Amino acid sequence: MKSYKITKSFTIEEQIEDSNASLKDCAKIKLIRASICPSDVALFQGKTEGVSLPITPCRIAVGLVSESEDITLRKGQRVMLSPYTRLENGSYVINGLKENGYLGDYVYVPLHNIYTIPDGISDNSITFIEDIAMALNVIEKLDVEKTKYVMLYGCTTVNLIIAQLCIYYQAIPIIIDNDNARLSIAQEQGIYYCINYAEEEVLQKIREITSGKLVDYLILDSDICDEIGRMLHYVRVNGKVAIVGYDKSVQSLKGDFSPVIKNNLTVYGINDGYGEIETAINMLATETVNVDKMIDSIEDIADIQTTLSNLAKTHNYFKTIIKC
């Protein structure tokens, strides 16, 4: 049984592990897809503190049941492997960050970390379920209301999913980015208000769109944003702000934070989708969320060293999927 482990900064190596683990309360899963997210890249770069190496990255994966003593799982059945392992004390750990993740050929997984997936959802789409769960956590935490304006910084996977959920819940998303190709993808998702901040004066556009009221909510993707500038000035008095990201190793977020005090803003930090996995699966199955345009590339597991090295060189707006 093969797994790929980060052994030191900028190094990931194939390792052979014992394939005769007990099936008590577990199932052996043949991995077919895994997802790379910013926390995996940060681990590869050696930026994440408190992690014991070697460790297998990838928080979420898709696989086929190979062996199981559980009567609800049949051989060959397609399943999703959870990013989170519940602990006896009621808390949880994130797989691929505090515990080994899912990058390999086979893996033994606790039964409570296995989700069956409805037919009709593609293997690649399943790898977005944690992104959808995180987006749901954002919507719930902010308590987004109908007809209210939600500004999102960055055409990233998570933000585009949040924007789709805003439309579903009848709020009004406004997305800003400096890349017209990414903004075109946002428009294809039904997001009417798209602003290129490299070409337009954002505050003026926000005032035009909101009839001078400014936005009710601001969402920043910290995985691609390390400079918020004056964006908090776009939020109305008593508004809410969410800073969202997978990479907990972020060192600083620069900008003018004075509106937090001046305008009594409430700021939340959200870094996972715990508690929303089942709802996320349903959102994907019912096509409430569409992720087809959010795949950056699909790479072979044998090229994982090169793939992670390339991802470490830039901000990653869309999803990289590993074919196991």
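Everything numeric in this text was worked out from a predicted model, so none of it was measured.

This part is about the sheet that holds strand β17 (residues 266-270). In spatial order, the strands read β12-β11-β10-β13-β15-β17; together these 6 strands make up an open sheet with parallel pairing. The outermost strands of the open sheet, each flanked by one partner alone, are β12 (193-196) and β17. Strand-to-strand twist across the sheet, computed as the mean angle between neighbouring axes with direction ignored, equals 20°. Lying over the sheet, helix α6 (residues 202-209) contacts β10 (149-153), β11 (172-177), β12 and β13 (215-221), oriented at roughly 165° with respect to β12.

Moving on, we get to the side chain of Gln189. By secondary structure assignment, the location of Gln189 is in the loop between α5 (180-188) and β12. Polar contacts involving the side chain of Gln189 include one to the side chain of Gln164, which spans 3.3 Å. Excluding residues that lie within four positions of it along the chain, Gln189 makes contacts with Gln164, Ile167, Asn290, Lys293 and Met294.

Enumeration over the complete set of coordinates arrives at 2 cavities of 30 Å³ or more. In terms of lining, the largest cavity is formed by 18 residues, of which the most central are Cys37, Pro38, Asn316, Tyr317 and Phe318. Secondary-structure elements contributing two or more residues to the lining of the largest cavity are α1 (38-45), α4 (157-168) and β19 (319-323). Tallied by class, the residues present in the lining of the largest cavity amount to 10 nonpolar, 4 polar and 4 charged. Of the voids in this model, the second largest cavity is the one considered here, and its volume is about 40 Å³. Looking at the lining of the second largest cavity residue by residue, the class counts come to 8 nonpolar, no polar and no charged.

About the criteria used
- Residues numbered from 1 in each chain as written.
- Predicted model: local features only at pLDDT ≥ 70, side-chain atom pairs only at ≥ 80, totals over all residues.
- Heavy atoms only, no water.
- Pairing = 2+ DSSP bridges.
- Helix = DSSP H or I, 4+ residues; strand = E, 2+ residues; numbered from the N terminus.
- Axes fitted to C-alpha atoms, helices over the stretch in contact; angles between N-to-C directions.
- Contact = heavy atoms within 4.5 Å.
- Polar contact = N/O pair within 3.5 Å; in protein donor to acceptor, adjacent residues only side chain to side chain.
- 1 Å grid on protein atoms, 1.4 Å probe; cavity = no way out; pocket = protein on both sides within 12 Å on 5 of 7 lines; lining within 4 Å.
- Points joined across faces, edges and corners; volume = space filled by probe spheres on them.
- Nonpolar A, V, L, I, M, F, W, Y, C, P; charged D, E, K, R; others polar.

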